[in-house]
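Survey of secondary and tertiary structure
Below are the chains, spelled out letter by letter.
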Amino acid sequence: MLKKGLFILLIFCLGSSLWAQSREVNCGRFGMNVGSTGGVSEFNWPRDFRYASNGGGSSYHILIEDWNKPNGNINGYAVPEDTEIGSWSTVSNIKKVKYPYPTITVEGIDISSTDVYDGNPDPNLISDQMVETVVNTYIGMTLRQRVFAWSHPKYQDFAIVHQQWINTGNTDADPEIELPNNDFSNFYFFQVNTFAPGNGSHDEKADRTHTKSDRSEVYSNVDVWVWEGDDPDNPGVYDPNRPQLLHVSVGNDPNDLWQGKRIDNEGDPKPETGEFMSPMFVGEGILHLDAGTDDRSHDPEKLKIMLWDDYYWLYHGATQDREDRYQVFREGLNGVRFSDDFEKDSPDPVVNSQRALSTYGPWEMAFGDTINIVFFRGVKGINANLAKEKGAEWLDWFLNGEGNFDDEAKNQLLRSGRDSLIQIYEYAKEVYANDYSLPEGMNPQPPSRLEVASIDSNHVLIEWSQPERVPMNISHYNIYTSIGSRDTRYELHESIEAEEGLTDYQYILRDPQPGFAYYFALTAVDVNGNESSLYLCRTNRLALQAGLAKSDEMDGIRVVPNPFVYDPDGIENYTGEPDKLIFAGLPGPCKIRIYTLTGDLIDEIEHRDAFSGGREFLTITRYQQFMVSGVYIYHVKSLEGKGEKTGKFIVVR
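The rules we used
Residues numbered from 1 in each chain as written. Predicted model: local features only at pLDDT ≥ 70, side-chain atom pairs only at ≥ 80, totals over all residues. Heavy atoms only, no water. Buried < 20%, exposed > 50% of the residue type's maximum accessible area, 1.4 Å probe, protein only. Helix = DSSP H or I, 4+ residues; strand = E, 2+ residues; numbered from the N terminus. Pairing = 2+ DSSP bridges. Contact = heavy atoms within 4.5 Å. Polar contact = N/O pair within 3.5 Å; in protein donor to acceptor, adjacent residues only side chain to side chain. Salt bridge = Lys/Arg side-chain N within 4 Å of Asp/Glu carboxyl O.

1. Remarks on the pairing of strand β38 (residues 644–652)
- The side-chain alternation of β38 yields one buried face, formed by Lys645, Gly647, Phe649 and Val651, and one unburied face, formed by Glu644, Thr646, Lys648, Ile650 and Val652.
- Pairing between strand β32 (residues 564–565) and β38: two bridges, direction parallel. By the bridge assignment for β38, Phe564 is matched with Val651.
- Two elements, strand β37 (residues 630–638) and β38, share eight bridges in a ladder whose sense is antiparallel. Across the sheet, residue His635 finds its bridge partner in β38, namely Thr646.

Shown next, in the form of structure tokens:
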């Protein structure tokens, strides 16, 4: 029988009033938002990759037996419809950082990070970034949560969440204790996670390209693994009572057809290029669950998990008995509906997310008692370059029968990301066992200033500064470049040796490729080989358009390339920018108009740069539509009285 006074407390962290106070951990390759009530969401990895979002969020919930609602129970129960008991009061939600953010400018434009942190940087912080949240709930339970994140290459793909639940009797944001005799029997905490590997909301040019949902017909089922042992493919080591790590990936939908052929679409390959759009694995792993309020040893049996179909039934099965709902919450994976299968697919053949409910408990909670829950959230997979390169190779095999990179080879490569996820779970365990300090030491502080500016059409000046009052333990600085892409595809360009007593440095990049967009990142490397974060000192918000000289005559104006042949992979024209062509040889400031052959205005561009002779055009009309194949007319008029020119170019899309 269900005990008297069952309450389910819900908080969904998507309301605008809550997100207004959200904070983000974003110092490494992994990024995650922490809402004002502590809920974690937007698991981005790798940051700035086109489809980097791997989850919509998680909802925090509480389940308690034998607790009497102060204003009286509703039929002895409170279920998800009970909005009053879903009220949480945020006391504080603050972000702390170890190092100050650098000042970054490109061509004199300040693109420094606008990310918010509270107070002054703390050089004694044990992690690169930490978000601390304190929330009081209507039932008198207080959540004190800390989220840790690092930029060290070995530990930058995850964050650790440490929750402390305290029976304070405080039901709102003020310090008054409203429930001084608060006692609970069978306290459970649980969260509903939404996982969506590679489910990015948009391309790099968000307002000009289609979303991933436009490709939902090729999005596959989502597979979920839960296991305790080291080998997720071996059911013999799986203990349903003691799952330690949950992860999801995109699996194969047997109903998918490409050009009349059955496709194994694990990794969600893009039909046009074969690029794997979901080459990553999302994971959550338990690091610690208190055995009891007076026993701080780890008790893995406090964790239960259930997946999509039970969750859907729980919230949408309005006719279901409330006791049945409670049993599903409490029992999780071993509950009344979930099978003991090792691997579970979503029942929806076209789904871009997977929900998993993790239930922790039970604990007996007298007034003043405390329990600790610690878990990690991380993502891992093959890198963006490999996803593109091997995807093209697989597509050639699939469509043309060429090469030997077949389905088996493709899936073996993709599943190496699952092995990597298991590895970072072990790294997270190391960090937790070391009291949140990195066993290998922290990265050095990044440079305090980065400035990038063109000297002329063939030279780019890069300047930076060593932070003041930092001990001289820097060995050298690394300059990274990325052409045409502001994501993680940086390559080491040059290393500059640090000099004792020198605080300001400069480097000149010579002869950049004309018309190509350059992005830069700068790191500091200490004498122990530790390197500062690649993500804190880089020009990720503005590309440098280099190498486009002015022309002295209007006759020097040309369109490059012409004809423009759309390359979805962004290789044949300008790397990483498949929609771009350039008006080159401009005489300085001018006005460019583009027309169809029938005289319809496509777009009008004012080029105001007195130094550059080039202006990019993304083959998109002023109505935000891609230009179709055809012949187009351009008209350029100098704003300095140098004359006019009319010409033609061809678009093939």
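Moving on from the coordinates now.
2. Remarks on the sheet that holds strand β28 (residues 504–510)
- One open sheet holds the five strands; their spatial order is β9-β8-β24-β25-β28, and the pairing between them is mixed. Only two strands of the sheet have a single neighbouring strand rather than two, namely β9 (109–110) and β28.
- Sheet analysis places strand β25 (residues 459–465) next to β28, joined by seven bridges and oriented antiparallel. Its bridge partner being in β28, Val460 is matched across the sheet by Leu509.

3. As for the environment of Ser532
- Tracing the sequence through the fold places Ser532 in the loop between β29 (517–526) and β30 (544–545).
- Between the C-alpha atom of Ser532 and that of Pro444, which follows or precedes it by 88 residues, the distance is 5.2 Å.
- With residues near it in sequence (within four places) discarded, Ser532 still touches Asn443, Pro444, Gln445, Pro446, Pro447, Thr523 and Ala524.
- Here Ala524 takes part through its backbone nitrogen, which lies 2.8 Å from a polar atom of the side chain of Ser532.

4. Considerations on the pattern of salt bridges
- Going through the model one piece at a time under the given rule, you end up with 21 salt bridges.
- Across the pair Glu132 and Lys96 runs a salt bridge, and its minimum N-O distance is 3.1 Å. Remark: Lys96 occurs in strand β7 (residues 88–97) and Glu132 occurs in strand β10 (residues 129–137); sequence separation between them is 36 residues.
- The shortest N-O distance in the salt bridge between Lys410 and Asp264 comes to 3.4 Å.

5. Section: the environment of Val652
- Checked against the element boundaries, Val652 lands in strand β38.
- In this structure Val652 comes out as partly exposed when scored by relative accessible area, which is 36%.
- Distance in space between the C-alpha atoms of Val652 and Met627 is 9.0 Å, their sequence separation being 25 residues.

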